[in-house]
Structure formats: structure tokens, C-alpha cells
Amino acid sequence: MLRLSPASNLAAAARRSFASSPPPGNEDSHDDFKPQRSSPPADLDGAIKMIAEQVKKHQIMLYMKGTPARPQCGFSAQAVRILHASGVDFDSVNVLDYPMIREGVKKYSEWPTVPQLFVGGEFVGGCDIMTSLFQSGELAQILEESAKKQQKEGESAP
């Protein structure tokens, strides 16, 4: 049996303490490390405008129930697993925190359910479509083409 010395126990505790997130409302965190939140839109038109800006700004955007670390439904969890398995970084919005965004994204995409994936500003689909595209290899192609397009745009920018 492996026994740890008190010093190594202390080091392990320090690592755990460092890795854990601070309690909510902790004002000791620097602004750069706090979650970025926008003011919630007041109406559906404002929500649709905000969604349009988000999908243009973020190369891979997932509207989901919960967060990637804590999905609040099985379909959102599946969408996150697919994106993680694809090895891509993505941004997300927890629609449970923003009822207007939850309704607005459905109108914006003309798709009735959440989660919803947007890549390169284009609506890809919900969980079932993501799963099918992932299994066929098409999602990898979509993500790769989008990354190449973003890289070309970055190179041509002054």
C-alpha cells in the first residue's frame, strides 16, 4: 500500500484547493477571470439581435441547457460530449439563465429545440443532427472548413 507523507498530503490539498473554483460572489477574483455576462435582452427582438451578434463573433457557439461543465439535460450533455470528442474549443450560452435567449434562438434558427449548434455563423442543428454528423464524419469536415475559413480571414486582416 502506498503511504503519503504529511508534506505530500499538504501538497495534494494545496493542488485541490487551487483547482477548485471560488465560491459564488467571491470578489477576490480578477475581472479577467470572472465569467463574461451580457445584460439580458428585454424583449424577443433584442434577444434575436444578441444571438445574431454572438453567432457571428464566436466561431463555434452552442446554446444549451446548463453549462459544458454541468449540462442540465441529456441532449445538452450529448452535444458537449460530441464537441469535446471533436477536440474543438467552443462558446456556450445557458438558455436556462436567459428565457428570452431560449425563445429567441428558436426563432432565429427556425428550430424548435435546444441544444443548438452554430459553426461559422451558420446553424448546424440540434443534438440528433450533431450526433448523426459526428458519426458520419461530416461534423469534423464542417469544423475543419470553418477553422480554415477563420484562419484565412485572420491572415487577410490588417
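Residues numbered from 1 in each chain as written. Predicted model: local features only at pLDDT ≥ 70, side-chain atom pairs only at ≥ 80, totals over all residues. Heavy atoms only, no water.

Considering the arrangement of structural elements, one finds F118 in strand 3 (residues 116-119). With 62 residues separating them in the primary sequence, F118 and K56 have C-alpha atoms 9.2 Å apart. What F118 contacts, discounting residues up to four positions off in sequence, is V55, Q59, I60, M61, Y63, V105, Y108, S109, F123 and V124. (Helix = DSSP H or I, 4+ residues; strand = E, 2+ residues; numbered from the N terminus. Contact = heavy atoms within 4.5 Å.)

Here the focus is the sheet that holds strand 2 (residues 91-94). If you walk across this open sheet you meet the 4 strands as 2-1-3-4, and the pairing is mixed. Edge positions in the sheet fall to strand 2 and strand 4 (122-125), since each of these pairs with one other strand and no more. Put simply, the sheet's adjacent strands are angled 25° from each other on average, direction ignored. In this structure, strand 1 (residues 60-64) lies alongside strand 3, joined through 4 bridges in antiparallel fashion. Bridge assignment links M61 to a residue of strand 3, and that residue is F118. Along the sheet face, helix 2 (residues 44-57) touches strand 1, strand 2 and strand 3 and points at about 140° away from the line of strand 1. On top of the sheet, helix 4 (residues 99-109) reaches strand 1, strand 2, strand 3 and strand 4; it is set at about 60° to strand 3, its chief contact. (Pairing = 2+ DSSP bridges. Axes fitted to C-alpha atoms, helices over the stretch in contact; angles between N-to-C directions.)

The topology assignment puts Y108 in helix 4. For Y108, a relative accessible area of 29% corresponds to the partly exposed category. Residue contacts for Y108: discarding those within four places in its chain leaves I48, I51, A52, V55 and F118. (Buried < 20%, exposed > 50% of the residue type's maximum accessible area, 1.4 Å probe, protein only.)

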